[in-house]
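Okay, here's what each chain looks like letter by letter:
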Amino acid sequence: MINGGTTIHTADGSTVSVTPIGLEYDLHTRNARGETISTARMSADDLAALIAEAEEVQGW
């Protein structure tokens with residue numbers, strides 16, 4: 001799991017920042033211009049499920 005904050009950069013220049021907040025995680029997506037597209041807060045279990053699904057879909 002993600003212990004500290006991390007930022008994932010996409011091919012089109014967008015980013016997804018994942019930041020731990022207590023027992024939960026904030027996800028903040030921005031487009032290539034740095035404008036906020038969405039924010040979400042989720043539990044560690046939900047984040048793990050999201051990562052697992054992404055790995056399965058992308059074949060990581």
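Residues numbered from 1 in each chain as written. Predicted model: local features only at pLDDT ≥ 70, side-chain atom pairs only at ≥ 80, totals over all residues. Heavy atoms only, no water.

Here we look at the overall build of the chain
Then, in step 1: For the chain, the helix and strand inventory stands at one helix and four strands.
Then, in step 2: Listing every helix and strand of the chain by position from the N terminus yields β-β-β-β-α.
Then, in step 3: Each of the three principal axes of the chain carries a C-alpha extent, and together these read 30 × 30 × 15 Å.
Then, in step 4: Taken across its 60 residues, the chain has 18% of its residues classed as buried.
Then, in step 5: For the chain, the share of sequence-separated contacts (at least 6 apart) that also reach a separation of at least 24 residues comes to 9%. (Helix = DSSP H or I, 4+ residues; strand = E, 2+ residues; numbered from the N terminus. Buried < 20%, exposed > 50% of the residue type's maximum accessible area, 1.4 Å probe, protein only. Contact = heavy atoms within 4.5 Å.)

A few points about helix 1 (residues 44-58)
Then, in step 1: In a regular helix each residue adds 1.5 Å, so 15 residues correspond to 21 Å; helix 1 covers 21 Å between its end C-alpha atoms and thus fits that length.
Then, in step 2: Two residues or fewer after helix 1 comes glycine 59, characterised by a positive phi angle close to 70°. (Expected span 1.5 Å × (residues − 1).)

A word on the pattern of salt bridges
A side chain with one charge may pair with a side chain of the opposite charge, provided their charged atoms come close.
Then, in step 1: For the structure shown, the criterion picks out two salt bridges.
Then, in step 2: Put simply, aspartate 26 and arginine 41 hold a salt bridge, and the shortest N to O gap is 2.6 Å. Of this pair, aspartate 26 sits in strand 3 (residues 24-30) while arginine 41 is found in strand 4 (residues 36-43), placing the two residues 15 residues apart along the sequence.
Then, in step 3: Its salt-bridge partner being arginine 33, residue glutamate 35 comes within 2.8 Å of it at the nearest N-O pair. (Salt bridge = Lys/Arg side-chain N within 4 Å of Asp/Glu carboxyl O.)

Regarding the side chain of asparagine 31
Then, in step 1: Its place among the elements puts asparagine 31 in the loop between strand 3 and strand 4.
Then, in step 2: A distance of 3.0 Å separates a polar side-chain atom of asparagine 31 from the backbone nitrogen of arginine 33.
Then, in step 3: Asparagine 31 has contacts with Gly13, Ser14 and Ile37, leaving out every residue within four places of it along the chain. (Polar contact = N/O pair within 3.5 Å; in protein donor to acceptor, adjacent residues only side chain to side chain.)

Here we look at the sheet that holds strand 2 (residues 15-21)
Within a beta sheet, neighbouring strands are joined by backbone hydrogen bonds and run either parallel or antiparallel to one another.
Then, in step 1: Taken in spatial order, the four strands of this open sheet run 1-2-3-4, and their pairing is antiparallel. Among the strands making up the open sheet, the edge pair consists of strand 1 (6-9) and strand 4. Sheet twist, expressed as the average angle between the axes of neighbouring strands with direction ignored, equals 15°.
Then, in step 2: Lying over the sheet, helix 1 contacts strand 2, strand 3 and strand 4, oriented at roughly 120° with respect to strand 4. (Pairing = 2+ DSSP bridges. Axes fitted to C-alpha atoms, helices over the stretch in contact; angles between N-to-C directions.)

Some thoughts on the confidence of the model for the chain
Close inspection of predicted coordinates is inappropriate in any region flagged by low pLDDT.
Then, in step 1: Residues with a pLDDT of 70 or more make up 95% of the chain, whose mean pLDDT is 91.
Then, in step 2: Within the chain, helix 1 has the poorest average pLDDT of any element, 91, and strand 4 the best, 97. (pLDDT = per-residue confidence, 0-100.)

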